[in-house]
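# Geometric and topological summary
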Amino acid sequence: MTLKIYNTLSRRLEDFQPIEPGHVRMYVCGMTIYDLCHVGHARMMMAFDVVQRWLKVSGYRVTYVRNITDIDDKIIKRALERGITLRALTDEMTAAMHQDIGALGIEPPSIEPRATEYVPQMLSLIETLQHKGLAYQADNGDVNYAVRKFPGYGKLSGKSLDDLRAGERVAVASDKNDPLDFVLWKSAKPDEPEEAKWASAYGAGRPGWHIECSAMSCSTLGETFDIHGGGADLQFPHHENEIAQSEGATGKPLANFWVHNGFVRVDNEKMSKSLGNFFTIREVLTKYDPETVRFFILRAHYRSALNYSDVHLDDARGALKRLYTALSHVPAAPVGAIDWTQPHAQRFRDAMNEDFGTPEAVAVLFDLAGEVNRSKDVALSGLLRALGGTLGLLQADPALYLQGGGAEAGLGEADILDLIGQRALAKQARNFAEADRIRQQLLDQGIVLKDSAAGTTWERS
């Protein structure tokens, strides 16, 4: 079955074929790095982690570029508030991001360009746009893009020019020829730190937000590449403006596929820092283990809204434990290459080839776990583990995972084993009341005991 991807530009599923046979080039708009990442950011990076993983499973070589925006109004403001340099702030927050998303099993991109490393390329692109009559310098020194001079503007968002309004991060100023025009180069202000200023033919200044990704994507992947991704909130104005900049300069399509993930929602509102309803990855990982958080995100399709709550995370943890329980009861036989003709594997592949359908793929994992429980087949257990691995799941030791619980787990392993030993002695002495009391004491701490002929095992609820 051919991989099909939903293309935001065409608003339909399309068969995927890379420009260069066997090689996929993908650019994803990454973080503006002034604070810790929240669950909404994790959802975006998780979506494209799954995309690049599945492309590799499908036999493609993948060049995956995910940028870092390290010059921005919010970065300047935060650095000044903290009394540190911009570079110190962005280095600190980049390291924190790598730590947090690494805990979730999100693999690093092939290339992670920082905006400040590509200012010459941005200036070259602005110069090209000016020569083509698509950019002009305003009286305040800013260089703006003339939106109405680009005939294709609005094709990604599907709105007419008259319907569009200047979007988030687009300052509407009297120096613009049209309210829809957006800034390519921001003239330096006297109160801004010197490290936020670059020399240019337009005077000292710094790049606008949108021009960064046009320069970085084309510099690392070429003028036309296969997939451009990001959150749904970037569709307009950021990605619309990228198209205008890049295609206005080159006359070529920027990307063949535009892919956008859905929002994380809290109480029916988008999770965002501006609304103050966000939970950082670090906060969530104090209550839930990383694989539970990963599983919670992957149970929803990447394009759908994801409702965040402790109830949903608790449910995800219980569901993931059912998969690990199957693996703990039937040790997995080693699996080399997955046999995609096997019925469960074939269903899994078909689900993933339908626009990376993780909900249906996860359903296959549960069906397979049920078959493992019934048949006790170590080969099927191995397949369960191998298929889970394509999503970054089920790779921990089952017994250790079941005993690990969330990050908030109370009793340590030594304490638990000591109480199990005390309970065994109580049972030998036929003091069943004491044995029951210890069982309940452990249960109150979230520790479930399982007695069998081989002895007593435990796991966290």
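Below, the structure is looked at part by part.

Conventions used here
- Residues numbered from 1 in each chain as written.
- Predicted model: local features only at pLDDT ≥ 70, side-chain atom pairs only at ≥ 80, totals over all residues.
- Heavy atoms only, no water.
- Helix = DSSP H or I, 4+ residues; strand = E, 2+ residues; numbered from the N terminus.
- Buried < 20%, exposed > 50% of the residue type's maximum accessible area, 1.4 Å probe, protein only.
- Areas by Shrake-Rupley, 256 points an atom, 1.4 Å probe, with all protein chains shown as cover.
- Lys, Arg positive; Asp, Glu negative; His and termini not counted.
- Charge placed at Lys NZ, Arg CZ, Asp CG, Glu CD.
- Pairing = 2+ DSSP bridges.
- Contact = heavy atoms within 4.5 Å.
- Polar contact = N/O pair within 3.5 Å; in protein donor to acceptor, adjacent residues only side chain to side chain.
- Phe/Tyr/Trp six-rings, centres within 6.5 Å; stacked < 30°, edge-to-face > 60°.
- Lys NZ or Arg CZ within 6 Å of the ring centre and 35° of its normal.
- Axes fitted to C-alpha atoms, helices over the stretch in contact; angles between N-to-C directions.
- Salt bridge = Lys/Arg side-chain N within 4 Å of Asp/Glu carboxyl O.

Another point: the overall build of the protein chain. The helix and strand inventory of the protein chain stands at 15 helices and 15 strands. Viewed in the frame of its principal axes, the protein chain has a C-alpha envelope of about 90 × 55 × 35 Å. Burial analysis of the protein chain (461 residues in total) assigns 52% to the buried set. Accessible surface for the protein chain amounts to roughly 19600 Å². Of this, 52% is attributable to carbon and sulfur atoms. Mean positive and mean negative side-chain charge positions of the protein chain (51 and 61 charges, respectively) differ by 3 Å.

Relative to strand β2 (residues 12-15), strand β1 (residues 4-7) is paired through four bridges, and the arrangement is antiparallel. Residue Y6 lies in a different strand from β2, and its bridge partner there is L13. Remark: four residues form the turn of the hairpin made by β1 and β2, two consecutive strands paired antiparallel; R11 in that turn has positive phi of roughly 60°.

Secondary-structure assignment places S246 in helix α6 (residues 235-250). Note on S246: relative accessible area 2%, which makes it buried. Taking the C-alpha atoms as reference points, S246 and Q52, separated by 194 residues in sequence, lie 24 Å from one another. Each residue touching S246, except ones within four places of it in the same chain, is listed here: S214, C218, G251 and L254. A polar side-chain atom of S246 sits 2.9 Å from a polar atom in the side chain of S214.

Going through the model one piece at a time under the given rule, you end up with eleven aromatic pairs. Their ring planes at 50° and their centres at 6.4 Å tell us that Y27 and F225 sit as a pair that is tilted. Placement of the pair is Y27 in strand β3 (residues 23-32) and F225 in strand β9 (residues 225-231), with a sequence separation of 198 residues. Here Y27 falls in the buried class, since its relative accessible area comes to 0%. Put simply, the rings of F16, Y60 and F257 touch in pairs and so form one group of aromatic residues. Taking the ring centre of F236 as reference, the NZ or CZ of K159 above it sits at 6.0 Å. Here the basic side chain of R303 rests over the ring of Y6, its NZ or CZ set 4.1 Å away from the ring centre.

We now examine the sheet that holds strand β13 (residues 306-307). Taken in spatial order, the three strands line up as β12-β11-β13 in an open sheet, and their pairing is mixed. Looking along the sheet, the strands with just one partner apiece sit at the ends: β12 (269-270) and β13. Strand direction decides the pairing type here: strand β11 (residues 264-266) and β12, joined by two bridges, are antiparallel. Of the residues in β12, the one forming a bridge with R265 is K270.

Before going further, it helps to spend a moment on the sheet that holds strand β5 (residues 135-137). Taken together, four strands build an open sheet; the order of strands is β5-β6-β7-β8 and the sheet is antiparallel. The outermost strands of the open sheet, each flanked by one partner alone, are β5 and β8 (205-207). For this sheet, the mean angle separating the axes of adjacent strands, direction not counted, is 20°. Examined bridge by bridge, β5 and strand β6 (residues 143-145) share three bridges and lie antiparallel to one another. Each residue of the ladder has a partner; that of A135, found in β6, is Y145. Running at roughly 120° to strand β7 (residues 182-187), helix α4 (residues 119-131) makes contact with β5, β6, β7 and β8 of the sheet.

This paragraph deals with the pattern of salt bridges. Side-chain pairing between opposite charges can occur once the charged atoms of the two side chains come close. Evaluation of the coordinates by the stated rule reveals 31 salt bridges. Notably, a salt bridge pairs E14 with R12, separated by 3.9 Å at the nearest N-O pair. A relative accessible area of 48% places R12 in the partly exposed class. The salt bridge involving D315 is made with R299; its shortest N-O contact spans 2.6 Å. A residue pair is termed long-range when its members are at least 10 positions apart, and D315 in helix α9 (residues 310-329) and R299 in the loop between α8 (290-298) and β13 qualify at 16 residues.

Turning next to the side chain of R43. Locating R43 in the fold gives a position in helix α1 (residues 39-57). Look at R43: it is buried, it has no salt bridge, and the nearest opposite charge is D233 at 10 Å. Looking at R43, its side chain comes within polar contact range of the main-chain oxygen of G262, at 3.0 Å. For R43, the side chain forms a polar contact with the main-chain oxygen of F263, separated by 3.4 Å. Leaving out residues up to four positions away in the same chain, R43 has contacts with N261, G262, F263, V264, I297, A300, H301, Y302, S304, A305 and L306.

Listed in full, the buried residues belonging to helix α10 (residues 343-353) are H344, A345, F348, A351, M352 and N353. Buried residues belonging to α10 abut β1, α1, α11 (358-375) and α12 (378-390). Two to three positions downstream of the cap, the backbone nitrogen of H344 sits 2.6 Å from a side-chain oxygen, assigning the N-cap of α10 to Q342.

What is shown is where atoms sit, not what they do.
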